[in-house]
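# Overview (structure and organization)
Here is what each chain is made of, one letter per residue.
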Amino acid sequence: MAEIGKKTVLDSGWIAARSTEVGYCGVELTTTNPPSIGADSPWMEAVVPGTVLATLVKNKAIPDPFYGLENETITDIADSGRDYYTFWFFTKFQCKRLVNQYVHLNFRAINYSAEVYVNGHKTVLPKGMFRRHTLDVTDILHPEGSNLLAVTVHPPDHPGSIPPSGGQGGDHEIGKDVAAQYVEGWDWICPIRDRNTGIWDEVSISVTGPGKIIDPHLVSTFFDDYERVYLHVTTELENKSTWVTECSLNVQVTAELEGDICLVEHLQTEKVSVPAQGRIQHTFTPLYFYKPELWWPNGMGKQTLYNVSITIDVKDIGESDSWTQPFGFRKIESDIDSGTGGRLFKVNGEPIFIRGGNWILSDGLLRLSKERYRTDIKFHADMNMNMIRCWGGGLAERPEFYHFCDIYGLLVWQEFWITGDVDGRGVPVSNPNGPLDHDLFLLCARDTVKLLRNHPSLALWVGGNEQVPPKDINAALEHDLRLHPLFNTQMLEHSSESDQDPSLYLDGTRVYIKGSLWDGFADGKGNFTDGPYEIQYPESFFRDDFYKFGFNPEIGSVGMPVANTIRATMPREGWEIPLFKKHSDGYVEEVPNRIWDYHKYIPYSKPGKVHDQILMYGTPNDLDDFCLKAQLVNYIQYRALYEGWSSRMWTKYTGLLIWKNQNPWTGLRGQFYDHLLDQTAGFYGCRCAAEPVHVQLNLVSYFVEVVNTSSKELSGLAIEASVWDLDGNCPYNKVFEKFTVPAKKVVQISEFKYPKSENRKPVYFLLLQLYNVPDKVISRNFYWLCLSGGDYTLLEPYKKKQIPLKITSKAVITKGSNYELEINVQNMSRKSSFRTYPDGNFLEDEIKHRPGLLQRFVSRHVSTKANHGVNVVEVSGSDSGVAFFLRFSVIDSLKQEQSTEGQDTRILPVHYSDNYFSLVPGESLSFSISFGAPPGAKPQVILHGWNYPDGFTVFDSNK
């Protein structure tokens, strides 16, 4: 028997079959002829939640559409017709109930329409990808045995076709439906052949008594500088019985103290009467809190969440239903900044400089999972981002996505399902009036608001991507999502709605903006002033004329993954690196192989504008060399992008969102981590540049700057800038002491003058360290730089440098196969004119070390020893210098021993506190690494580097 108010998720035991291959109707399938998997049966194991294509891939009925060119071999719905991707889904479930209990079958989303059969009874589910469906199945259950459930799911009404030229959204027919628009293909993804047909979100069974709680709305209001806070709660109540119910409605707010121990912050009970088989709306008397812990975005404070529970007790029956929601007390404001013209966000009264990125969805076949969402969102927090934009051609993201944004502090910009290419422009020109059924669009929009509005991470609603909804839809959304006077900073005079409880609004707490290029974004007028989307010179991001407007919602660049990802996702012909075709003007064009082109590779050159940034490191000789050099460029590109924007915080810019953070398939552009969940170096360049307090070099002025996005003034600071050449010497060392950086300000400290010195080197390393004297390093930033007009080819012979390292590691294994490692890496080469900060005092070490000629030819030796659980690896080397561009990875040693060509032996995902790092002589850094190992795996942590191309093991679970 299901517990009152709790849902039982039906996410296993499903089977599926193509409807044209099933010889029974839904009534027969759920009564006399239940299906099963067999040798001659069309039925197969199904992916629910998921799509038809996900089910076919799971059963190897089609090749993996994300591998190589296999998607080209899969039948497209435009060629097969809709019946080809119309599928039956079937499962069994048990659910006992007592007298005065009611059972509901819930579908959180289906694409696009369906008929549902339960024990021979049919219900037609209406159209729309973004709406919930709840069916009362109380009277048709078999309470003492199995219940049979069959669902036939139909594709979108207008799946469209794919023109030979491809394009944004195919022929745009999908825009006539209320569905995700990316499925006909875009410049970053191939077409999805079934257009995401399926039961793509959660299916559940829930049991209640006569009184049922529906879509509570939680709103917090703040007074007296956030000391006095009120929680407003309105909920809809339904009476399932044929008599009037007298109910006690309870709301309880608890705070988790430690483990399972909770502190009850508030408990309130109110009486309510609900008419027979009727619905009412009940608003509680506001709950008062004094100085509660607030919820803050990533980098601004803690993400404190309280647990709000609502229960309803029916007289003479007892508890009838319950509802719970983690809730954060926070206020978000959003206006156009008068100084920059950009949209300015404030959280709890504090301005927040937005550094985030665009999000499509985690998987193009909608194989969505809580575990994947956790990794995705934690990755964004690890990059020090504070906002994610859910792009309008994708999904209204799921509650699990928002749950982890709540936990990790990522503000969310959620768009509705309008995109300019599919709703008013493109080739062929698309329908400017949006979907055919405007009422359906609004129904889905309102239902989405109710589904997501209680999440503190949700920051704003936007009508569409690079387009606004049709006038009637936009007018309805502007009305439905208008701000309550308590949240409307523009409402200076008393409003007739001022006394209305804010929880009575559909939302009322966060702004609605009609489109991504309006009202403080880009030029604010709807012109196409976002972008650019290609490789740039790193210094360009710092120039006055690079971007004119205050908030850029989309700026994109490269995103090549590591070589192992290419081998894992492409056959051998896809391992060929681009051809470098030199033009008459000296610029080089990269010509990728056909598979890279299909996977939307974006080159590292822009002929006529940007010289090839990979060739700056020398012509790559194979896939590993190409991808390694691409990671160097990735790191520089994204660090410079964020640093260039940060250097003009508030004076020119209020924020930016990178296009895009990840790919929902095995794409080769615009990503910080690939679809297999391995991070690129751009991930760590972003992480570095977006830290809350950051020391950086302005690549145009060559001034050292400190960016303070925190709410605290920082005083007693010092910066050490040290230059290291390719011979291991430190020809420049400068300390800037005793300065202050105000809260939310950028301060120029001093010019970095080494490039103007007489004996400057053409290629050199720069280490910037910001100290909070006498405490610790609070920001560290490492650059590799070349003189103006130069290149980095001198780094190629630097690979032969034998830099000695010492690595210590200690591992803790939790919950069976979860690994937590602490690793310290030290550059053991001797120091030359290197300053450090022990106990707040500067010391200078003038030890010079120049190994003899014979020593330079001593072969590399790695020794390993363990002591009291601490593993020590020593890598011999005779050279002094920077250990350059080191990178951890985790592999399964058992797979490695048995691997075949192209087999992926990595363990993914892995969370690293940092990666793609460099160490100057004498320097050591500590890292934390965490991952879950698959059953039976034997993890090894490998360290590769520019000076260590073959890599070596620094942790082995076998030892």
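No experiment lies behind these values; they were computed from the predicted model shown.

Criteria and cut-off values
Residues numbered from 1 in each chain as written. Predicted model: local features only at pLDDT ≥ 70, side-chain atom pairs only at ≥ 80, totals over all residues. Heavy atoms only, no water. Salt bridge = Lys/Arg side-chain N within 4 Å of Asp/Glu carboxyl O. Buried < 20%, exposed > 50% of the residue type's maximum accessible area, 1.4 Å probe, protein only. Helix = DSSP H or I, 4+ residues; strand = E, 2+ residues; numbered from the N terminus. Patch = residues over 30% accessible without salt bridge, like charges linked within 9 Å, V, L, I, M, F, W, Y side chains within 5 Å. Areas by Shrake-Rupley, 256 points an atom, 1.4 Å probe, with all protein chains shown as cover. pLDDT = per-residue confidence, 0-100. Contact = heavy atoms within 4.5 Å. Pairing = 2+ DSSP bridges. Axes fitted to C-alpha atoms, helices over the stretch in contact; angles between N-to-C directions. Polar contact = N/O pair within 3.5 Å; in protein donor to acceptor, adjacent residues only side chain to side chain. Parallel < 35°, antiparallel > 145°, perpendicular 65-115°, else oblique. Left-handed = near helix turned anticlockwise from the far one by under 90°. Nonpolar A, V, L, I, M, F, W, Y, C, P; charged D, E, K, R; others polar. Expected span 1.5 Å × (residues − 1). Phe/Tyr/Trp six-rings, centres within 6.5 Å; stacked < 30°, edge-to-face > 60°. Lys NZ or Arg CZ within 6 Å of the ring centre and 35° of its normal. Core = buried A, V, L, I, M, F, W, Y, C linked by side-chain atoms within 4.5 Å.

### Comments concerning the pattern of salt bridges
Across all of its chains, the model carries 44 salt bridges by this definition. The partner of arginine 367 in a salt bridge is aspartate 363, with the nearest N and O atoms 2.9 Å apart. Under the relative-accessibility criterion, arginine 367 is labelled partly exposed at 29%. On the basis of relative accessible area, aspartate 363 is assigned to the buried category, the value being 3%. With a shortest N-O distance of 2.5 Å, arginine 567 and aspartate 624 are connected by a salt bridge. Placement of the pair is arginine 567 in helix α8 (residues 563-569) and aspartate 624 in helix α10 (residues 623-646), with a sequence separation of 57 residues.

### Description of a nonpolar patch on the surface
Together, Leu257, Ile261 and Leu263 line one region of the surface with nonpolar side chains, adding up to about 290 Å² of accessible area. A residue is classified by how much of its surface remains accessible, and isoleucine 261, at 53% relative accessible area, is exposed.

### A short note on unusual backbone geometry
Cis rather than trans, the peptide bond between glycine 531 and proline 532 has omega equal to 0°. With respect to the element layout, proline 532 can be found in the loop between β26 (512-513) and β27 (551-556). Leucine 908 connects to proline 909 through a cis peptide bond whose omega is 0°. Its place among the elements puts proline 909 in the loop between α13 (893-898) and β45 (910-912). Of note in this structure, asparagine 196 is not a glycine but carries a positive phi near 65°. On the basis of relative accessible area, asparagine 196 is assigned to the buried category, the value being 0%. Despite not being glycine, lysine 738 has its phi angle at roughly 55°, a positive value. Mapping lysine 738 onto the fold places it in strand β34 (residues 732-741).

### Focus: the confidence of the model for the protein chain
Caution is warranted with low-pLDDT regions, since their predicted coordinates should not be read in detail. Looking at the protein chain, the pLDDT average stands at 93 and 95% of residues meet or exceed 70. Counted against residues more than four places away or in other chains, residues 833-859, with its pLDDT under 50, gives 52 contacts.

### A look at the sheet that holds strand β35 (residues 745-751)
Reading across from one edge, β31-β32-β35 is the order of the 3 strands in this open sheet, with antiparallel pairing throughout. Only two strands of the sheet have a single neighbouring strand rather than two, namely β31 (693-697) and β35. Going from strand to strand, the sheet's axes swing by 20° on average, the running direction of each strand aside. Helix-sheet contacts for α10 involve β31, β32 (703-708) and β35, and the interaxial angle to β31 is about 105°.

### Thoughts on the side chain of glutamine 467
When you line up the elements, glutamine 467 lands in the loop between β25 (458-462) and α7 (471-480). Within the local environment of glutamine 467, its side chain forms a polar contact with the backbone oxygen of aspartate 423, the two atoms lying 2.9 Å apart. Setting aside residues up to four positions removed in sequence, glutamine 467 forms contacts with Ile418, Thr419, Gly420, Asp423, Gly424, Lys514, Gly515 and Trp518.

### Considerations on the environment of phenylalanine 528
Relative to the helices and strands, phenylalanine 528 resides in the loop between β26 and β27. Between the C-alpha atoms of phenylalanine 528 and alanine 681, which are 153 residues apart in sequence, the distance is 30 Å. With near-sequence residues (within four places) excluded, phenylalanine 528 lies in contact with Arg425, Glu466 and Leu517.

### Structural notes on the packing of α10 against helix α11 (residues 681-689)
Direction vectors running N to C along α10 and α11 enclose 25°, while the axes themselves pass 7 Å from each other. By the angle between their directions, the pair α10 and α11 is classed as roughly parallel. The chirality of how α10 crosses α11 is right-handed. Here Gln631, Asn634, Tyr635, Tyr638, Arg639, Tyr642, Glu643 and Ser646 of α10 come into contact with α11, specifically with Ala681, Gly682, Tyr684, Gly685, Cys686, Cys688 and Ala689. Of the residues contributing to the contact of α10 with α11, the split by class is 8 nonpolar, 5 polar and 2 charged.

### Regarding the pairing of strand β16 (residues 287-290)
Burial of the side chains of β16 is restricted to one face: Leu287 and Phe289 are buried, whereas none of Tyr288 and Tyr290 on the reverse face is. In this sheet, β16 lies alongside strand β12 (residues 228-239) in antiparallel orientation, the contact comprising 4 bridges. The residue bridging leucine 231 from the neighbouring strand is leucine 287, located in β16.

### Some points on α10
For α10, with 24 residues, the first-to-last C-alpha span of 34 Å sits near the 34 Å given by 1.5 Å per residue. Of all 24 residues in α10, 22 are buried, a share of seventy percent or more. Capping of α10 at its N-terminal end is provided by aspartate 622; its side-chain oxygen lies 3.3 Å from the backbone amide nitrogen of aspartate 624.

### As for the sheet that holds strand β9 (residues 147-154)
Pairing is antiparallel across the open sheet formed by 6 strands, whose spatial order is β3-β2-β4-β9-β6-β7. If you trace the sheet from one side to the other, it starts and ends with β3 (44-45) and β7 (121-125), each paired once. Pairing analysis gives 2 bridges linking strand β2 (residues 15-18) to β3, with the strands arranged antiparallel. Bridged to alanine 16 within β3 is methionine 44.

### Focus: the packing of aromatic side chains
The full count for this structure, using the stated rule, is 63 aromatic pairs. With 5.0 Å between their ring centres and 55° between their planes, phenylalanine 289 and phenylalanine 329 make a pair best called tilted. Residue phenylalanine 289 is found in strand β16, and its partner phenylalanine 329 is found in the loop between β18 (318-327) and β19 (332-336); the two are separated by 40 residues along the sequence. Comparing phenylalanine 289 with phenylalanine 329, the two get one shared label, buried. Both rings, one in phenylalanine 884 and one in phenylalanine 885, keep their centres 5.8 Å apart while their planes meet at 35°; by these two values the pair is tilted. One exposure class covers both phenylalanine 884 and phenylalanine 885, and it is buried. The ring centre of tryptophan 575 lies 5.7 Å from the NZ or CZ of arginine 567, which sits over that ring. One Lys or Arg, arginine 639, reaches over the ring of tryptophan 784 and ends 5.9 Å from the middle of that ring.

### Topic: the environment of isoleucine 336
Within the secondary structure layout, isoleucine 336 lies in strand β19. Residues isoleucine 336 and glycine 550, 214 residues apart in the sequence, show an inter-C-alpha distance of 9.3 Å. Those residues in contact with isoleucine 336 that sit more than four places away from it in its chain are Gly341, Gly342, Arg343, Asp519 and Gly520.

### Concerning α11
Across the 9 residues that make up α11, a large majority, 8, are buried. Of the residues making up α11, those classed as buried are Ala681, Gly682, Phe683, Tyr684, Gly685, Cys686, Cys688 and Ala689. Taking the backbone nitrogen of glycine 682 as reference, a side-chain oxygen 3.2 Å away marks threonine 680 as the first, capping residue of α11.

### Things to note about the nonpolar core
Residues Leu105, Phe752, Trp784, Leu795, Val825, Phe884 and Phe888 are the most contacted members of the largest nonpolar core, which totals 232 residues. Here the element with the most residues in this core is α10; it accounts for 13 residues. Residues Leu249, Ile310, Phe329 and Phe487 belong to the second largest nonpolar core, which totals 49 residues.

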